[in-house]
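What the coordinates show
For reference, the chains in residue letters:
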Amino acid sequence: MNDRAALELLLANGPLSRTQIGTLTGLSKPTASQLLARLEAAGLVVPVGTTAGGPGPNAQLYQVNPAAGYVAGLDVSTTHVRIAVADITGTTLAEQQVATKGWPAAATVEKVAAAVAATVRQAGLAEDSLREVVIGVPGALDPSSGKLRYASHLPGWHSPRLVAELEEALGAPVAIENDVNLAAIAEQAFGAAAGCEDFVLLWAEEGIGAAIVIAGRLHRGFTGGAGEVGYMPVPGAPVVHDVRRRNSGGFQELAGADAVLALAAGHGLAAPTAEQAVQLALTTPGAGDDFLAVLAERFATGLAVIVSVVDPELLVLSGGIPAAGGERLRELVQEALASISIPRPEVRFTTVPGSPVLHGALQRALAAAREAAFTTH
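Residues numbered from 1 in each chain as written. Predicted model: local features only at pLDDT ≥ 70, side-chain atom pairs only at ≥ 80, totals over all residues. Heavy atoms only, no water.

1. Here we look at the sheet that holds strand E5 (residues 80-87)
Two modes of strand pairing occur in sheets, parallel and antiparallel, and in both the strands are linked by backbone hydrogen bonds. The strand order across the open sheet formed by five strands is E6-E5-E4-E7-E10, and the pairing between neighbours is mixed. The open sheet is flanked by strand E6 (92-99) and strand E10 (174-178), the only strands paired with a single partner. Mean inter-strand twist for the sheet, computed between neighbouring axes without regard to direction, equals 15 degrees. In this sheet, strand E7 (residues 130-137) lies alongside strand E4 (residues 70-76) in parallel orientation, the contact comprising six bridges. Its bridge partner lying in E7, Leu-74 is registered against Ile-135. Sheet strands in contact with helix H5 (residues 162-170) are E7 and E10, and its direction is about 130 degrees off that of E10. (Pairing = 2+ DSSP bridges. Helix = DSSP H or I, 4+ residues; strand = E, 2+ residues; numbered from the N terminus. Axes fitted to C-alpha atoms, helices over the stretch in contact; angles between N-to-C directions. Contact = heavy atoms within 4.5 Å.)

This is the structure we're talking about:
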């Protein structure tokens, strides 16, 4: 327990001396010294210089050994795979994006493994360096069958042995997680939901999805499908029947990318993508203002249903469409929600830079790698 506490302090605070570790943990100097000796012998910490400028002799500083473990995170979409490799301190060593156009479905695992291997080489690491790989996908892995659900639009990812096949190809433990859940992990770690234990993240891009965090933990549901709110019937949209075949539902039909484009066209705003339509609206007085007000009300309609069931402290807007609307869209969603919902949680805009899904995948992979390293030394 003492060793683990010291490692957590080193991760959170950077290089520390024996005295500083003793002070922060409440341990005596001899105990702190023994602890550091164990961790150094196990390859988990390394000396990194000395203190300077204070009274008395300089003290040796220690930090977590970056080479104690490496992880990879993946963000999978219908058009590309983003990959990042990081060391156990969380420092990203390499990152790349690979287009998936032209990939045969049967070769998906092979192609993913090759892309990860290329990123590992780019990071300057040996091919067998990874301790943990976490893959974010627009779907959910059914815990009973092991098959990917809610992802018929993602060919090549539906083998009942998907995780085993990926582990064999990658040579490391693999976890598959819903991409929106990973975005929520990133927001909770260092984004808009930091310090919040009850929140909902709404992701709006090509599809609509949500992540639900209750008492600090992700709520995945019995079949892993909690948060698949695109299928949720909502006022203002026809009830969609045979949702499995159509791969759509009421909230998706109301506020998904196709619906946003149609709404924009109805307001005279022509754009090739939903994100660009929202950006155009921000600079188009009159028609743009009306479009944004209706879009915010559509988001608020779905959020009001979620809020009435979950009653979260906070709502976080993420994904390409909210990103395009920025603070203006956030304000309109907050106002619209307040007019139709009794619970009125604060609405915040994502603050995670780049790909929240990729950041979340790395965070989950790092947690698993650290748990393994810290408990087996």
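There's plenty left to go through after this.
2. So, the packing of helix H1 (residues 2-13) against helix H3 (residues 29-41)
Helix packing geometry: the angle between the two helix axes and the distance between the axes. At a minimum axis distance of 10 Å, the contact between H1 and H3 shows a crossing angle of 80 degrees. Of the possible angle classes, the one that applies to H1 and H3 is roughly perpendicular. Contact residues: Asn-2, Asp-3, Ala-6 and Leu-7 in H1; Thr-31, Leu-35, Arg-38 and Leu-39 in H3. Split into classes, the residues belonging to the contact of H1 with H3 amount to four nonpolar, two polar and two charged. (Parallel < 35°, antiparallel > 145°, perpendicular 65-115°, else oblique. Nonpolar A, V, L, I, M, F, W, Y, C, P; charged D, E, K, R; others polar.)

3. As for the packing of aromatic side chains
Enumeration according to the criterion identifies one aromatic pair in this entry. Here Tyr-150 and Tyr-231 contribute two aromatic rings whose centre-to-centre distance is 5.7 Å and whose plane-to-plane angle is 50 degrees, an arrangement assigned as tilted. Taken together, the residues Tyr-150 in the loop between strand E9 (148-149) and H5 and Tyr-231 in the loop between strand E13 (217-218) and helix H7 (243-246) connect sequence positions 81 residues apart. (Phe/Tyr/Trp six-rings, centres within 6.5 Å; stacked < 30°, edge-to-face > 60°.)

4. A look at the pairing of strand E14 (residues 314-318)
In terms of burial, E14 is largely enclosed, as five of its five residues are buried. Burial of E14 is two-sided: the residues Leu-314, Val-316 and Ser-318 facing one way and the residues Leu-315 and Leu-317 facing the other way are all buried. Bridge count between E14 and strand E15 (residues 346-349): four bridges; the pairing is parallel. Its bridge partner being in E15, Leu-315 is matched across the sheet by Val-347. Taken together, E14, helix H12 (residues 320-340) and E15 form a β-α-β motif whose crossover is right-handed. (Buried < 20%, exposed > 50% of the residue type's maximum accessible area, 1.4 Å probe, protein only. Right-handed = clockwise from strand over helix to strand, strands pointing away.)

5. Focus on the pairing of E10
Counting buried positions along E10 yields five of five residues, so the element is predominantly enclosed. Residues Val-174, Ile-176 and Asn-178 point to one face of E10 and Ala-175 and Glu-177 to the other, with burial holding for every one of them. As defined by bridge partners, E7 adjoins E10 across five bridges and the pair is classed as parallel. Of the residues in E10, the one forming a bridge with Val-137 is Asn-178.

6. With respect to the pattern of salt bridges
In the structure shown here, the tally under the stated rule is nine salt bridges. With a shortest N-O distance of 2.4 Å, Glu-371 and Arg-4 are connected by a salt bridge. Highlighted residues: Glu-371 in helix H13 (residues 356-376) and Arg-4 in helix H1, separated in sequence by 367 residues. What makes Glu-371 partly exposed here is its relative accessible area of 37%. Accessibility expressed as a relative area gives 29% for Arg-4, which makes it partly exposed. One network of salt bridges, with partners in common, ties together Glu-177, Arg-220 and Arg-364. (Salt bridge = Lys/Arg side-chain N within 4 Å of Asp/Glu carboxyl O.)

7. A word on a negative patch on the surface
A contiguous patch of negative charge, built from Glu-197, Asp-198, Asp-311 and Glu-313, is present on the exposed surface. Here Glu-197 lies in the loop between helix H6 (179-190) and strand E11 (199-204). Here Glu-197 falls in the partly exposed class, since its relative accessible area comes to 47%. (Patch = residues over 30% accessible without salt bridge, like charges linked within 9 Å, V, L, I, M, F, W, Y side chains within 5 Å. Areas by Shrake-Rupley, 256 points an atom, 1.4 Å probe, with all protein chains shown as cover. Lys, Arg positive; Asp, Glu negative; His and termini not counted. Charge placed at Lys NZ, Arg CZ, Asp CG, Glu CD.)

8. Quick notes on the side chain of Glu-187
By the element assignment, Glu-187 lies in helix H6. Of the side chains with opposite charge, Arg-348 lies nearest to the buried Glu-187, which makes no salt bridge, at 8.1 Å. Aside from chain neighbours lying at most four places away, what touches Glu-187 is Ala-192, Ala-193, Ala-194, Leu-201, Val-316, Thr-350, Thr-351 and Val-352.

9. Overview of the packing of helix H9 (residues 257-266) against helix H11 (residues 287-310)
In the contact formed by H9 and H11, the axes pass within 10 Å of each other and the chain directions differ by 150 degrees. Considering the angle they form, H9 stands roughly antiparallel to H11. Judged by the sense of rotation from one axis to the other, the crossing of H9 with H11 is right-handed. Along its contact with H9, which presents Ala-259, Val-260, Leu-263 and Ala-264, the element H11 presents Phe-291, Val-294, Leu-295 and Arg-298. Along the lines of polarity and charge, the residues of the contact of H9 with H11 split into seven nonpolar, no polar and one charged. (Left-handed = near helix turned anticlockwise from the far one by under 90°.)

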